[in-house]
Amino acid sequence: MRFTFLLSFLLFISSSVFSQNLNISGTVQSATDEMTFPGASVMVQNPKDSTLIKGNVTDFDGNFKIDGLKAGEYLVTIGFVGYENWYQLVKLQKNLELGKISLQESTKMLEAVEVVGKPIAAMQKGDTAQYNANAYKTAGDASAQELVQKMPGISLQDGKLQANGEDVQTILVDGKPFFGGNVKAALQNLPAEVIASIQVFDKLSDKAAMSGFDDGEQQKTINIITKPSRRRGQFGKSTVGIGTNEAYQAGASVNMFNNDRRITVTGLSNNVNMTNYSADPNSLGDRASDGLVSTNNIGVNFSDDLTDKIEFHGSYQYSRQENNENRSKLRDYAIASDSGQVYSEESHYQKIDATHRVRFKLDYRIDDNNRLIVRPNVNLQKENVLNSFAGSTTSGSNPVNSTDNSSTKHFKDYDYGNSIYYSHKFGKEGRTVTTGLSTGYHTNEDFAERNAENFFYSEEDSTSVIDQQTTLGRTGLSWRAHMSYTEPLSERSMMELEYKAGNRINDSDKLTYNAGDSQEYLEIDTTLSNTFNSQYLSQEIELGYQYKFEKLRFQVEAEYQVANMENEQFFPKPMDQQRQFTSILPSAKIDYKFSDNNRLEVNYHTWTNEPSVGDLQDVINNANPLHLRAGNPDLDQTYFHWGRARYFANNVDTGKSLYASIESTLANDLVTNAILIADEPTEVADGIILETGSQLTRPTNVDGYYRVKSYVSYGRPMDVIKSNVRFRGGMSYTRRPGMVNEQVNYSNSSNFRMGLSLSSNISEDIDFYVSTWSNYNIIENSLRPSLNNNYYNQSSRVSYKWVFWDGFVYRANLRHQLNTGLSRGYDNTSLLLNMSAGKKFLKDDLAEISLNVYDMFQQNNNVNRNVTGLYVEDSQSTVLQRYFMLTFTYNIRHFSAGAKLEDFEEHSL
């Protein structure tokens, strides 16, 4: 009944916005080679005074459509950077198709161009925000990352690029994959000067794009649209440097573009914590914050239209990293007593990691009605780890236990995956069949040696010694298939019927051997060994309805899911367990467009998560003898509810932008940790004694998790100092459940955030970026109120670049970190300053030599707080500190005949 009422209400709303509006459509292409232009500006103006009535931009294929027009006369203006504007006076009486519109390449030199007004800074096209790169000034050698950070809603937070508070997961270049989704590598490998515009949107899955039904699998995506005159040639950057304390770095990124065929090669070798090649040697955002890191990597990206129907994209990346880190941490547990229990630890960690990643995409448009997409991927990873730590537990002022532990570990992880999607369109528009199959094969081969001496302080002090070897072998096979059928019900509505099925099969064998009198590891420890198999077979049937009109689009779906989980243990004791779960999974989405530049979106989604094989396998892990861990084969699946409302606005005339969102997540049967802290020696498995004060952690299902958070971002240009200012902030409340000694503890955290950023838009010779981001946190625990506390941290950053007096360059990058309210010894404030002074030379200032200093004041540190339902933890680790380096940088710029560096300069509409 409720569903029928909701559907009727939404249909009523949709009918109320119906009107006989007219539209103008067409396709924009190059007059030279008929290559289409994504991101071209299309404006419908009043022919009397040229005021803007409606505006839009072309899509990936150069197509545009401007809706909501009344009958009358209009001036249509189409423009793209480096091309002559196209004008046409039209008389609109019915929907008008302009066909293919060819733009002529501009022959005007910069001195002859008359700048008329400001370039359009931003435009909203449906769910896509598009920003004109010419509206944002950057230094001549800036990277794409430096450019996008100047745009409304985009920021670098904790080393991750975010758009409107969400992590950017995918980078496209001219609508095509670039570097297999590696956001940092993609943005650092393109110079800002080749970019015409930037698009930000939520990319749908392949299945959703084919069927037209949103399946909720979205990725925050940035699409970089390049200037057509920069799509043929070679460009990039190379850097080499040597410094004090044996510091060094060498890197290069070279792009070879020939229209649709594009090859990018990048490489890096350094011992100064840079994990991706950066265009700025003083960059703070591209450095690992934990430990001292040496990196060697190489990457290749290839993209081409093999035929008129086949697109191929591929990337390969190899990375070898060595990390050395010392870390200290203090963990305060939420035990129902005033004294509580505190665990402190000092550790040393050395890891050598070698990884190969391969990604491919084959897009075969067989004909107008049939399409095939294939996405294979391979990950091969090896790790060697040396780890030693000394930990101790106290209760009040009394010692409880301590450990001195060292281990050597070797990991081999191999992952292979592939997805295939095929869609067929029937003769009736909107009638489609989409099928898909995703497969995966995963193997883990782990080996570890451990030595530990453990002390337990009680009425009768005791000591235990561990000398053992452990092997862990896991094999995982997964597949998931689906088939969906869509049928149009009317001109504006359609339905979808979908069936999905999948299986996850995991085998996990853990064998632990103790050293005997001969020091050979021949004695198997049955209490620490286990052979286990888990299967999770799920089937779903789904029915959906969708309605679309000019301003309104909504979609409702209901899914019935049946899942069967089978757990089987073979060693040390046979066990067979079979369980079944049934769920109803509704979802809904409403998208309402107030105007071309104002939009509201409301989403509701539900899903289930099955427990991992590691959580299910009931075997003791004694990596830390004071904190034992084990699995739980009785775990249930988790049921999630998620809802979000988002509002988008971009004012074309003023350059102002506004984004606001509120979202909430609720989980039933959340898989979380349950800790047993022994108040006396307790046997937790055959032969395994949990000594007084020691802990055993098992996963368990607990209700009561929810989170509500809000976010708002407002940006606008400031003409006074030619800059762009952005305000952002938000609030969140999280309730995290956990279990301590069979009592549920709720850790409730309130977070208040506020930030401000200012980016210059002055000239290529002066560039600055100023930002500050503050967090105030209130923590409350239901079991132990004495653990409640408030803490505050603020991170501020200033980047500055000045080119003066015949090619001299000064750069500064400053970060201030303030932490208050943490545990004693962790309230650290730091000021990290990087600077460089250099001189540009050679033709067109393509080369530069500079002297750089990192961490001028030697104040770099890394302090973090982690709040769970069980404890509050503060930690601090080794960081890279001051060094000086002399670097040589060369910018590669070679384009097709007739293209000059002057062509990079802006041509305003």
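Read on for an overview of the structure. What you see is a predicted model; the values in this text were computed from it and never measured.

Next up on the list: a nonpolar patch on the surface. A cluster of nonpolar side chains, Val240, Phe841, Leu842, Ile849, Leu851, Phe884, Leu886, Phe888 and Tyr890, forms an exposed patch at the surface whose accessible area comes to about 760 Å². Mapped onto the nonpolar patch, the elements with two or more residues apiece are β48 (847-854) and β51 (883-895). With four residues, β51 is the largest single contributor of residues to the nonpolar patch. Summarising the element assignment, phenylalanine 884 is placed in strand β51.

Alignment of strand β32 (residues 598-609) against strand β35 (residues 638-650), held across 12 bridges, turns out to be antiparallel. Residue pairing for β35: tyrosine 604 is matched across the bridge by glycine 643.

Turning to the environment of asparagine 384, a few remarks are in order. The residue asparagine 384 is located in strand β23 (residues 370-395) in this model. Accessibility expressed as a relative area gives 38% for asparagine 384, which makes it partly exposed. Separated by 108 residues in sequence, asparagine 384 and asparagine 276 have C-alpha atoms that sit 21 Å apart. A polar contact is formed between the side chain of asparagine 384 and the side chain of histidine 410, at a distance of 2.7 Å.

Strand order in this open sheet of three strands is β10-β11-β12, and the pairing throughout is antiparallel. Whereas interior strands pair on both sides, the edge strands pair on one side only; in this sheet they are β10 (154-157) and β12 (166-167).

For the structure shown, the criterion picks out 37 salt bridges. As a salt-bridge pair, arginine 375 and aspartate 206 come within 2.5 Å of each other at their nearest N and O atoms. You can see arginine 375 sitting in strand β23 and its partner aspartate 206 sitting in helix α4 (residues 206-211), a full 169 residues away along the chain. Given the relative accessible area of 24%, arginine 375 is considered partly exposed. As a salt-bridge pair, glutamate 848 and lysine 840 come within 3.3 Å of each other at their nearest N and O atoms. The exposure classification of glutamate 848 matches that of lysine 840, with both residues buried. Look at the salt bridges and you will find they share partners, linking Glu166, Asp202, Asp214, Lys220, Lys589, Asp591, Arg599, Glu601, Arg644 and Arg646 into a network.

Reading the values: the criteria
- Residues numbered from 1 in each chain as written.
- Predicted model: local features only at pLDDT ≥ 70, side-chain atom pairs only at ≥ 80, totals over all residues.
- Heavy atoms only, no water.
- Patch = residues over 30% accessible without salt bridge, like charges linked within 9 Å, V, L, I, M, F, W, Y side chains within 5 Å.
- Areas by Shrake-Rupley, 256 points an atom, 1.4 Å probe, with all protein chains shown as cover.
- Salt bridge = Lys/Arg side-chain N within 4 Å of Asp/Glu carboxyl O.
- Helix = DSSP H or I, 4+ residues; strand = E, 2+ residues; numbered from the N terminus.
- Pairing = 2+ DSSP bridges.
- Buried < 20%, exposed > 50% of the residue type's maximum accessible area, 1.4 Å probe, protein only.
- Polar contact = N/O pair within 3.5 Å; in protein donor to acceptor, adjacent residues only side chain to side chain.

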